[in-house]
Each structure stands twice: as C-alpha cells, then as structure tokens.
Amino acid sequence: MIVTTAQLFKHAYGKYAVGAYNINNAEQAMGLFKGAIQSKAPFIIQISKGARAYTDKRMLEAIIRAAGEIFPEAIYAVHLDHGDEATCYDCIDSGFFSSVMIDASHDPFEENVAITKRVVDKAHAKGLSVEAELGMLGGVEEDIKVEEGNACLTDPAEAEDFVKKTGCDSLACAIGTSHGAFKFKGRQSLHFDVLDKIKAKLPGFPLVMHGSSSVPKDEVDRINKAGGTIKDSMGVDPAEYLPAAKRGVTKVNIDTDGRLVWTRVHREYFQAKPGDFDFRPPGKIFIVEYANFIASRNILLGSAGQLDDLRKSLGK
Ligand code: G3H
Ligand code: 13P
Ligand code: ZN
C-alpha cells in the first residue's frame, strides 16, 4: 500500500526512523520489498533523477507497481530523491509519487526558499508532501577543520525561518554526513548538538538525514579481496541512527550501502566462477543479500516490527 511520507512520519516521530532506500532496477526492488516484509517495517522507496534516466522513468514505476502486487502487505511511500524543479513537476504530474524532494540547497537562502515554495504549492495542490534541504552535505567531508566544516551545517535559526516561509513538510539537514563511501576523515559522529538545536526550533517537525550509509568495513574488505580497490572509506555509525530518531530524524537515506552489497556479491561470484556469464545466479544471491541488509538496517532504525501497529493507526 502506497502512503504519504507524512503518514509514515506521524507514526515514527520521536520513536524510530523510516529507512529510505534508493532503487535503480528490479533486483533492488525485490530485495527491498523482501527485506521490509522480513523485518515487518514500513519504508520509503526513493528514485533519483539518475535512476529515472538509467532505463526509462516509466520502467521504475512499473517495477514498483509490480512489487506492490507481489508484496501486498508492504506499506511504503514513493519518493523523488534530490529533485530539481522540473523533475519535481514531472513526478508530481506522473500521479505515482507520494512525495518529492526539491534540492535547492546549493542556491542562496532566498532562492532556495522561492524554488521550494513554488514546488510546495504545486505538490500540495495534488496531495503530495515535499522534502526540502537546507545546509550543504558535500563540503563537510572534504574539510577537516571543524570550524569551517560547521559553516556547511544547517543553521537552526535559518531552518525555522525556512520551514515557515516555504511550508515544506520535512527538512533534510546537514548534520555532518555526506553522500558516498568516504564520509569522514579521522572523526565519525553526527552533530547531535546541531540536531538538538534544530529540534528545539522545530518541535514535532520531521527531519531527514541524507548520506546515512554505514559503509561496513567487512563489506569493503570483501570487495577489495575480490579485486576491488576502495580505499579510505568510512560511513555513519549505525548505532547513531536511533539517537538521531529520538531527536526528530524520521527519514534516514541509505543508498551507497546497497551498492556495496551489489558490488561484493558480483565481484565474489565472478571471481569464484570466472568462466560464467549468466547474470541471474549472482542476481538471485544479490536479492537475498540485499533483503537481509535491509532487514538489518530496519532493526537499527527501530522501524522493524512497526508494520502492524502502523496499519492499525492508518485504519487499514
Ligand atoms: O544522494 C544520492 C543518491 O545516492 C542517488 O544517487 O543520483 O547516483 O542515483 P544517484
Ligand atoms: P549514502 O550515499 O550515504 O547512501 O546517502 C544516500 C542519500 O542520501 C540519498 O539521498
Ligand atoms: Zn541524499
């Protein structure tokens, strides 16, 4: 059953975070739905602009529709990840998405407000929720100086002003994470102090944490043992997901970790069987491994086991 992120956040707020997982193909979709059912967790399935362009934007929608029929007990939102204004409008018009993210965080504050407000007006008119972003994730990892790194983090007073001016439904905040497999150099912790200040300014308002992959060391080691050359990787400590959830983070974005599962499975498979060229055997292994990964993350997020209670609270 497709629901809005607002419905998911209402149930989760202050108790647990909903995992938001990116998909690009049928194998990821199967693993995601299987893992969610295995762990009895609601989830957010997210599609980036790149994912829509990978095959055809209609392909992923068709895959998700099919997965919804194969797993009728699943409760999830369908979300555009890091949309620009035009892609947001395209997804709003598609009639399939339950929420969109407008990412104008690289624009100056007033420009970000103006773009976000336009998207909010169009989305709300059609019953979709909008995630916006304030602060910049990217720069934080490249900067080892804390003072300069802090300059990229979300300013709590600005966050309050931004939400008031735009009417967005959730806010992606920069609290020390960044996208990809190389998040930290020498330090590994979220800025809980900043999160506390944002929560104090925006009590009850759903916050979103991007760049939340944990980049497991054993996964990277296995990839490298099977021919990979991933160096100096570091992710978010997954033990920090729940403390973040208690501070108002209701959506935790995880993509890179899924790519690592895919890479490990396929590298190991073809290294062990260099003469093989049928992609279905490793594809099947990936689906099972990705499902197990999703279930393990949902346990750490606190979303595991919430499905029945959520269903009741939705009156379904
Ligand atoms: O935050 C970005 C997500 O990991 C999606 O990545 O734009 O390469 O699909 P992508
Ligand atoms: P990771 O690169 O840490 O998986 O972050 C994904 C993300 O934020 C998608 O929007
Ligand atoms: Zn992101």
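Student: I tried to follow the overall build of the protein on my own but got confused; where do I start?
Tutor: From N to C terminus, the protein includes 15 helices and 8 strands. A compact globule built from 316 residues would reach a C-alpha radius of gyration of about 20 Å, and the protein, at 19 Å, matches this within 12%. In terms of its C-alpha atoms, the protein occupies a principal-axis envelope of roughly 60 × 50 × 35 Å. The proportion of buried residues among the 316 residues of the protein is 53%. Look at the contacts in the protein between residues 6 or more apart in sequence, and 79% of them connect residues 24 or more apart. Total accessible area on the protein is roughly 13,600 Å²; 55% of this is exposed by carbon and sulfur atoms.

Student: How should I be thinking about the site of ligand 2 in this particular structure?
Tutor: Near ligand 2 you find 15 residues, and of these Asp-81, Lys-183, Ser-213, Asp-255 and Thr-256 are the closest. Separating an oxygen atom of ligand 2 from a side-chain N or O atom of His-179 is a distance of 3.1 Å. Measuring from an oxygen atom of ligand 2, one finds a side-chain N or O atom of Ser-213 at 2.6 Å. Contact with the protein chains removes 96% of the 310 Å² of surface that ligand 2 exposes when unbound. Those elements that place two or more of their residues in the shell around ligand 2 are β3 (76–83) and β8 (249–254). Its residues assigned to classes, the shell around ligand 2 shows 1 nonpolar, 11 polar and 3 charged.

Student: Would you mind going over the site of ligand 1 with me for this structure?
Tutor: Neighbouring ligand 1 are Asn-22, Ser-48, Asp-81, His-82, His-179, Asp-255 and Arg-259. At 2.6 Å, a side-chain N or O of Ser-48 approaches an oxygen atom of ligand 1. In the complex, 66% of the free accessible area of ligand 1, which totals 300 Å², lies under the protein chains. For the shell around ligand 1, the per-class residue count stands at no nonpolar, 4 polar and 3 charged.

Student: It is not clear to me how the packing of aromatic side chains should be interpreted in this structure. Could you clarify?
Tutor: A ring pair, where both rings are aromatic, is described by two values, the distance of the centres and the angle of the planes. Tallying each qualifying case throughout the model produces 9 aromatic pairs. On the numbers, 4.9 Å between centres and 75 degrees between planes, the contact of Phe-33 with Tyr-76 is edge-to-face. Here Phe-33 is found in helix α2 (residues 26–38), whereas its partner Tyr-76 is found in strand β3, with 43 residues between them in sequence. For the pair Phe-33 and Tyr-76, a shared accessibility class is recorded, and that class is buried. Connected via pairs of aromatic rings, a cluster forms that spans Phe-33, Phe-43, Phe-71 and Tyr-76.

Student: What should I look at first to understand the coordination of the zinc ion (ligand 3) in this one?
Tutor: Each pair of donors in an ideal octahedron of six around a metal sits at 90 or 180 degrees, and each pair in an ideal tetrahedron of four sits at 109.5 degrees. At the metal site, the zinc ion (ligand 3) is ligated by His-82 (NE2), His-179 (NE2) and His-210 (ND1), and these contacts range over 2.0 to 2.1 Å. Linear spacing of the donor residues for the zinc ion (ligand 3) on their chain is H-x96-H-x30-H. In this pair, His-179 is assigned in the loop between β6 (170–173) and α10 (192–201) and His-210 in the loop between β7 (207–209) and α11 (217–225), connecting sequence segments 31 residues apart. What makes His-179 partly exposed here is its relative accessible area of 42%. Classification of His-210 by relative accessible area gives buried; the value is 1%.

Student: What is the right way to look at the confidence of the model for the protein in this model?
Tutor: Do not read the predicted coordinates in detail wherever pLDDT is low. Here the protein averages 94 in pLDDT, while 95% of its residues score no lower than 70. At the level of individual helices and strands, the protein shows its lowest average pLDDT in helix α7 (residues 138–142), which scores 42, and its highest in strand β1 (residues 18–22), which scores 99. The model gives residues 139–151 a pLDDT under 50, and that stretch makes 15 contacts with residues more than four places away or in other chains.

Student: Just checking my understanding: could you explain unusual backbone geometry for this structure?
Tutor: Among all residues save glycine, negative phi is the norm, and among peptide bonds the norm is trans. Positive phi, normally seen in glycine, also occurs at Val-215, with a value near 45 degrees. The topology assignment puts Val-215 in the loop between β7 and α11. A relative accessible area of 6% places Val-215 in the buried class.

Cut-off values and rules
- Residues numbered from 1 in each chain as written.
- Chains lettered and ligands numbered in written order.
- Predicted model: local features only at pLDDT ≥ 70, side-chain atom pairs only at ≥ 80, totals over all residues.
- Heavy atoms only, no water.
- Helix = DSSP H or I, 4+ residues; strand = E, 2+ residues; numbered from the N terminus.
- Rg over C-alpha atoms; globule rule 2.2 N^0.38 Å.
- Buried < 20%, exposed > 50% of the residue type's maximum accessible area, 1.4 Å probe, protein only.
- Contact = heavy atoms within 4.5 Å.
- Areas by Shrake-Rupley, 256 points an atom, 1.4 Å probe, with all protein chains shown as cover.
- Near = heavy atom within 4 Å.
- Polar contact = N/O pair within 3.5 Å; in protein donor to acceptor, adjacent residues only side chain to side chain.
- Nonpolar A, V, L, I, M, F, W, Y, C, P; charged D, E, K, R; others polar.
- Phe/Tyr/Trp six-rings, centres within 6.5 Å; stacked < 30°, edge-to-face > 60°.
- Donors = N, O, S within 2.8 Å, 3.2 Å for Na, K, Ca; no water.
- pLDDT = per-residue confidence, 0-100.

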